[in-house]
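Each chain, letter by letter, is given below.
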Amino acid sequence: MIMEEIIQQIVNGVSLGSIYALIALGYTMVYGIIKLINFAHGDIYMIGAYVGFALTTFLKLGFFPALILSMVICAILGVIIEKVAYKPIRNSTRIAALITAISVSLFLEYGMMYFFKPDTRTFPSLLPDKQIKIFNTDAVLDIKNVYIIVVTISLMLLLQYVIHRTKVGKAMRAVSLDRDAAQLMGIDINKTISNTFAIGSALAGAAGVLVGTYYNSINPLMGVVPGLKAFVAAVIGGIGIIPGAVFGGFFLGITETTISSLGGSLYKDAVAFAILILVLLLKPNGFLGKDVKEKV
Amino acid sequence: MLELKDLHVYYGGIHALKGIDIKVNEGEIVTLVGANGSGKTTTLRTISGLETLKSGNILFKGKDLKKVTASEIVKMGISHVPEGRRVFADMSVYENLEIGAFTRKDKSEIEKDIQNIYSLFPILYERKNQSASTLSGGEQQMLAIGRALLSRPELLLLDEPSMGLAPLIVKDIFDIIVDINKKGTTILLVEQNANMALQCANRAYIIKNGKIELEGKASELLNHDEVKNAYLGG
Ligand SMILES: Nc1ncnc2c1ncn2[C@@H]1O[C@H](COP(=O)(O)OP(=O)(O)OP(=O)(O)O)[C@@H](O)[C@H]1O
Ligand SMILES: [Mg+2]
């Protein structure tokens with residue numbers, strides 16, 4: 001019985017961690033390239049869920065078409081937000097950028113409430129309600145978990161490919177390592193920043209649709225807490241470091257489900273932020289970050 | 001090929017370039033020599049579009065670069081090896097070279113050019129899969145030059161390639177610069193090592209406090225009393 005319980009919690013933890021990781025990737029990529037904590041990122045995830053909701057409810061699209069379209073729409077939204085809100089202040093102080101990001105976040109949240117009502121909506125069930133037994137144990141695996149985990153891992157592999165094998169990805173890495181040197185290679189900074197926002201926002205949009213199908217309920221403020229958690233995840237792994245976001249996401253997801261299963265679900269948010277504080281005190285560059293700043 | 005006319009550049013309130021006029025003809029090695037803080041790096045960064053000029057003109061092959069972005073300037077045929085090398089630390093030697101060819105699409109030619117860089121700098125071939133941060137200063141300088149050549153520039157800007165290198169390696173680097181020039185690349189070389197720079201250049205400009213103080217044939221400036229006293233250690 002104990003064994004089943006443990007397996008079950010691992011599955012739940014990995015699923016939750018997948019969502020955190022998908023959102024954290026966008027945080028970390030944007031930070032890597034323009035050193036901005038994009039606090040509106042959690043709201044892109046919320047909008048992704050709403051787009052998925054609209055596509056499946058009104059247009060009756062299936063899970064995968066809705067997922068992909070929602071990613072595309074979020075990518076476009078991310079690019080627009082960057083152009084309209086962040087580009088004009090690219091050379092201002094950090095605090096100005098942070099305040100702008102918070103404003104964009106509030107704008108998206110309350111804009112959604114104004115135009116699409118603050119009510120919680122029911123996301124249609126898109127995935128088969130099936131449970132699979134794990135090996136010969138009594139632990140069951142909800143097929144939805146399988147979808148979340150498989151989609152997330154596939155997107156991460158795709159991202160890895162884009163970043164290391166394509167010109168777009170190489171430009172992103174070059175710009176985040178050294179912006180001036182990247183320009184001297186003929187890399188267009190504006191285009192590269194747009195691409196980064198597009199990819200990061202698409203991943204958040206995917207997370208939104210996955211969560212919508214998993215919990216069947218969405219609302220305009222659903223991005224706030226996961227957004228903060230994903231930020232914590234990005235910092236745990238080392239902000240700006242892509243594998244760090246994945247590590248931080250899974251670490252946080254598994255930690256939270258473990259605490260909940262031990263009866264501490266009331267404290268799970270507190271624990272997440274306690275971890276943030278500990279990481280900032282003990283390993284400010286994150287678990288996968290270098291201890292010394294290598295930049296000269 | 002390149003003409004700077006009365007360039008003025010400011011960093012906030014600091015007037016860094018106070019009317020620079022420089023001309024580089026096709027096929028030449030021109031050197032810009034000056035003390036710390038005289039404005040050499042600023043001049044090169046302005047040519048590359050990394051700094052914006054307040055007034056003046058930059059003409060490259062007759063075209064004004066004022067409204068051209070840094071990345072487009074590379075496509076036009078100017079490549080810049082920045083001060084302090086600035087190789088991409090977390091990328092491998094091979095990836096650094098590959099990204100030097102970012103503006104090009106001719107894959108098989110790029111691969112050939114990378115092989116040529118390896119024969120120019122055999123040590124880079126040995127280190128090709130190592131991350132650039134693990135290279136020594138001299139190796140990083142070679143990588144930075146190789147990377148810059150991969151865009152197949154017509155004009156190469158070099159910012160203190162001898163900085164921090166042992167005399168023997170400095171000699172190697174200068175030999176290679178002359179070699180690159182002989183193969184048809186025009187060069188604008190910024191140096192504090194005036195002796196070496198004047199020996200390999202055709203013409204030279206001496207910059208002081210953001211202004212050109214002297215200009216002439218490199219061989220003549222080598223024997224110029226003022227230059228000897230100020231930049232060649234008497
Ligand atoms: N980013 C900057 N912000 C403010 N002032 C700057 C900046 N970069 C350069 N300066 C100033 O502009 C002047 C010219 O600097 P520049 O770097 O062009 O000199 P340099 O001739 O390349 O010197 P060095 O030989 O030390 O490299 C200096 O007074 C310097 O302090
Ligand atoms: Mg300099």
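Since the model is a prediction, treat every value here as computed from it, not as a measurement.

Visitor: Teacher, can you tell me more about the environment of Met 222 of chain A here?
Guide: All names here are of chain A. When you line up the elements, Met 222 lands in the loop between strand 4 (217-218) and helix 9 (224-237). We classify Met 222 as buried; its relative accessible area is 11%. Residues Met 222 and Ile 236, 14 residues apart in the sequence, show an inter-C-alpha distance of 22 Å. In contact with Met 222, not counting residues within four places along its chain, are Tyr 45, Met 46, Ala 49 and Val 211.

Visitor: Hey, could you run me through the interface of chain B and chain A in this one?
Guide: Interface size is often expressed as the accessible area that is lost when the parts come together. Between chain B and chain A, the residue contacts involve 22 residues of the former and 18 residues of the latter. Roughly 2,000 Å² of surface becomes buried between chain B and chain A when both sides are summed, with 60% attributable to carbon and sulfur atoms. At the boundary of chain B and chain A, one finds five salt bridges. When the shortest N-O distance is used, the salt bridge between Asp 178 of chain A and Arg 86 of chain B registers 2.6 Å. At the surface where chain B touches chain A, the tally comes to six residue pairs in polar contact (both at pLDDT 80 or more). Residue assignment for the side of chain B that touches chain A shows that the elements contributing at least two residues are helix 2 (70-76) and helix 3 (93-100) of chain B.

Visitor: Honestly, a positive patch on the surface in this entry has me stumped. Any pointers?
Guide: The grouping of Lys 167 and Lys 191 of chain A together with Lys 75, Lys 105 and Lys 107 of chain B at the surface amounts to a positive patch. One can find Lys 75 of chain B in helix 2. Its relative accessible area of 54% is what places Lys 75 of chain B among the exposed residues.

Visitor: Even after reading the chapter, I still don't get the nonpolar core, so can you show me in this structure?
Guide: When a protein is soluble and globular, its nonpolar side chains tend to lie buried together. Ranked by internal contacts, the top residues of the largest apolar core, which has 94 residues, are Tyr 86 and Ile 187 of chain A. It is helix 1 (residues 2-34) of chain A that contributes the most residues to this core, 14 residues altogether. The contact partners of Ile 187 of chain A, leaving out residues within four places of it in the chain, are Ala 171, Ala 174, Val 175, Ala 182 and Thr 192 of chain A together with Ser 71, Ile 99 and Phe 102 of chain B.

Visitor: What exactly am I supposed to notice about the site of ligand 1 here?
Guide: All names here are of chain B. Taken together, 14 residues lie near ligand 1, and Asn 36, Lys 40, Thr 41, Thr 42 and Glu 83 sit nearest. Gln 192 is positioned such that a nitrogen or oxygen atom in its side chain is 3.0 Å from an oxygen atom of ligand 1. Look at ligand 1: alone it shows 630 Å² of surface, and the protein chains cover 63% of it. In terms of residue count, the dominant contributor to the shell around ligand 1 is helix 1 (residues 40-47) (three residues). Looking at side-chain class alone, the shell around ligand 1 contains four nonpolar, seven polar and three charged residues.

Thresholds applied
Residues numbered from 1 in each chain as written. Chains lettered and ligands numbered in written order. Predicted model: local features only at pLDDT ≥ 70, side-chain atom pairs only at ≥ 80, totals over all residues. Heavy atoms only, no water. Helix = DSSP H or I, 4+ residues; strand = E, 2+ residues; numbered from the N terminus. Buried < 20%, exposed > 50% of the residue type's maximum accessible area, 1.4 Å probe, protein only. Contact = heavy atoms within 4.5 Å. Buried area = accessible area lost by both parts, 1.4 Å probe. Salt bridge = Lys/Arg side-chain N within 4 Å of Asp/Glu carboxyl O. Polar contact = N/O pair within 3.5 Å; in protein donor to acceptor, adjacent residues only side chain to side chain. Patch = residues over 30% accessible without salt bridge, like charges linked within 9 Å, V, L, I, M, F, W, Y side chains within 5 Å. Areas by Shrake-Rupley, 256 points an atom, 1.4 Å probe, with all protein chains shown as cover. Lys, Arg positive; Asp, Glu negative; His and termini not counted. Charge placed at Lys NZ, Arg CZ, Asp CG, Glu CD. Core = buried A, V, L, I, M, F, W, Y, C linked by side-chain atoms within 4.5 Å. Near = heavy atom within 4 Å. Nonpolar A, V, L, I, M, F, W, Y, C, P; charged D, E, K, R; others polar.

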